[in-house]
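Structural features, examined
If you want the building blocks of each chain, they are given just below.
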Amino acid sequence: MFSPKAFVSEAVQKIRKDVTGRAIIAVSGGIDSTVAAKIVSEALGSQVLAIYVDTGLMRLGEEKDVRETLSNLGVNHKVLQEEDLFLDRLKGIIDPEVKRKMIGKTFIDVFEREARNFGAEYLVQGTIAPDWIESGGGLRDTIKSHHNVGGLPDIVNLKIIEPLRDLYKDEVRKIAEYYGIPKMRQPFPGPGLAVRIIGEVTRDRVDLLKRATFILEKGVSEMKEVPWQYFAVLLADRTTGVHGDRRVYGSTVALRCVNSTDGMTANFTPVPLDILAKISRDITNGIPDISRVVYDITDKPPATIEWE
Ligand code: XMP
């Protein structure tokens with residue numbers, strides 16, 4: 001039986017023993033990096049700086065939530081506005097793996113810069129077991145390179161610490177409860193909305209997806225039991241729609257809601273049709289550029305949870 005208290009106390013001791021200088025932590029606002037930040041902060045106090053990079057690829061209101069959570073946890077932190085840099089680096093990239101690797105590399109560039117400023121020698125990451133197992137770290141084939149594993153370039157000259165490396169998602173949730181973190185948001189991928197935009201990531205397309213995501217989240221929150229993960233995906237192809245008596249070629253959004261315990265396998269959630277229909281209408285009424293909404297009814301396997 002997993003004991004969060006025992007895990008934390010062992011992890012804190014290990015970090016104090018292993019880490020001899022200053023460290024920075026990449027926080028994304030997700031449960032993994034938040035819990036990692038809290039553990040490392042408990043071990044090292046002000047010798048640690050948690051960095052939240054606003055990549056422009058996060059959901060609406062995310063930055064504010066992250067600031068609040070870190071303040072409440074007493075974690076030393078800083079927010080960096082890097083939207084222009086990320087969008088510039090992603091220009092023209094369509095291939096999902098290249099996208100992930102570019103985002104990983106840009107993260108690292110930003111962290112290396114901040115690490116130098118802070119005088120850090122260590123980079124702490126919230127990697128959990130499914131991240132590295134699915135990135136080919138075990139005996140499996142590479143499924144996709146998660147940004148905090150496969151996307152890491154060799155040039156990193158910071159020593160990497162991964163306190164949650166052997167844990168699965170449900171165990172990380174238990175630690176979050178142990179710390180009294182009242183309600184964690186659903187899991188969110190490190191590369192953010194970029195892996196939910198099929199094709200090129202542009203400012204306009206990110207904006208479209210942010211708005212659709214916001215509407216989906218609001219609609220899903222009316223369910224008696226909220227799915228484990230729920231999000232919108234912006235597809236690359238345009239499809240035909242009608243606006244009044246005019247034919248238009250608008251964007252298509254797919255909705256994905258899944259139930260899972262650890263992200264390794266998942267079942268699509270049978271969201272009641274009336275809720276789906278309302279979300280669809282709210283999206284197409286509220287965002288004129290979107291003229292079609294579809295629902296993904298695939299389990300994992302064979303599909304992954306994210307579309308890229
Ligand atoms: P997949 O799409 O691999 O997702 O079935 C499993 C779980 O992992 C999340 N995910 C990621 N998390 N960096 C992360 O930190 C990533 O690159 C990444 N890709 C997927 C996904 O949202 C789901 O919860």
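Residues numbered from 1 in each chain as written. Predicted model: local features only at pLDDT ≥ 70, side-chain atom pairs only at ≥ 80, totals over all residues. Heavy atoms only, no water.

**Considerations on the pairing of strand β1 (residues 22-27)**
The cut-off we apply is this: Relative accessibility thresholds used throughout: buried, under 20% of the residue-type maximum; exposed, over 50%; partly exposed, between the two (1.4 Å probe, protein chains only). Put simply, DSSP marks the helices as runs of H or I at least four residues long and the strands as runs of E at least two long, and each gets a number from the N terminus on. For two strands to count as paired, DSSP must find a minimum of two bridges between them. Handedness is read with the strands pointing away from the viewer; a crossover is right-handed when the path from the first strand over the helix to the second is clockwise.
Of all 6 residues making up β1, 5 are buried, and the element is well covered by its neighbours. As paired elements, β1 and strand β4 (residues 120-124) share 4 bridges and run parallel to each other. Counterpart to I25 in the pairing with β4 is V124. For the segment spanning β1, helix α2 (residues 31-44) and strand β2 (residues 48-54), crossover handedness is right-handed.

**What to know about unusual backbone geometry**
Following K300, the chain continues to P301 via a peptide bond in cis, the omega torsion being -15 degrees. Assignment of secondary structure puts P301 in the segment after β9 (290-295).

**Observations concerning the nonpolar core**
Under the convention used in this document: Joining through side-chain atoms within 4.5 Å is the link that ties buried Ala, Val, Leu, Ile, Met, Phe, Trp, Tyr and Cys residues into a set, and such a set is a nonpolar core. Start and end points for every domain follow an automatic or database-based domain assignment. A contact between two residues is defined here by any heavy atoms of the two lying within 4.5 Å.
Judged by nonpolar contacts, the single largest core of 84 residues is most densely connected at I24, I39, L255 and I283. Residue contributions to this core peak at 8 residues, all from α2. Each of domain 1 (4-179) and domain 2 (202-295) gives at least three residues to this core. Ignoring sequence-local partners within four residues, the contact set of I283 consists of A212, I215, L255, I290 and V293. Counting 8 residues, the second largest nonpolar core, distinct from the first, contains W228, F231, L235 and A254.

**Concerning the sheet that holds β1**
Filter applied, for reference: Fitted lines through C-alpha atoms give the axes, limited to the stretch in contact for helices. The angle between two N-to-C directions lies from 0 to 180 degrees.
Overall, parallel pairing links the 5 strands, which are arranged β3-β2-β1-β4-β5 in an open sheet. The sheet is open, and its two borders are formed by β3 (77-81) and β5 (159-161), each paired with just one other strand. Within this sheet the neighbouring strands show an average axis-to-axis angle of 30 degrees, counted without direction. Where β1 and β2 come together, 5 bridges link them in parallel fashion.

**Details of the domain arrangement of the chain**
Worth spelling out the cut-off: Buried area: the accessible area, evaluated with a 1.4 Å probe, that two parts lose upon being put together, summed over both parts. The term salt bridge refers to a side-chain nitrogen of Lys or Arg lying within 4 Å of a carboxyl oxygen of Asp or Glu.
The domain architecture assigned to the chain consists of domain 1 (4-179) and domain 2 (202-295). In this complex, domain 1 contributes 16 residues to the contact, which on the side of domain 2 involves 12 residues. If you sort the residues of domain 1 by the area they bury against domain 2, R59, L60 and L87 come out on top, with a joint share of 37%. The interface formed by domain 1 and domain 2 includes 3 salt bridges.

**Notes on the environment of A266**
Note on placement: A266 falls in the loop between β7 (246-259) and β8 (267-268). Between the C-alpha atom of A266 and that of K300, which follows or precedes it by 34 residues, the distance is 4.8 Å. For A266, the contacting residues outside a window of four places in its chain are V258, N259, S260, D299, K300 and I305.

**Considering the packing of helix α4 (residues 83-90) against helix α5 (residues 96-118)**
The test is simple: Note on convention: the crossing is left-handed when the near helix lies turned anticlockwise from the far helix by less than a right angle, right-handed when the turn is clockwise. Any residue outside Ala, Val, Leu, Ile, Met, Phe, Trp, Tyr, Cys, Pro, Asp, Glu, Lys and Arg is labelled polar, Gly included; the first ten of those are nonpolar and the last four are charged.
Closest axis-to-axis distance for the α4/α5 pair is 10 Å, and the angle between their directions is 145 degrees. Handedness of the crossing formed by α4 with α5: right-handed. Along the contact surface, α4 presents L85, F86, R89 and L90, while α5 presents K99, M102, I103, K105, T106, F107, D109 and V110. Residues belonging to the contact of α4 with α5 are distributed by class as follows: 7 nonpolar, 1 polar and 4 charged.

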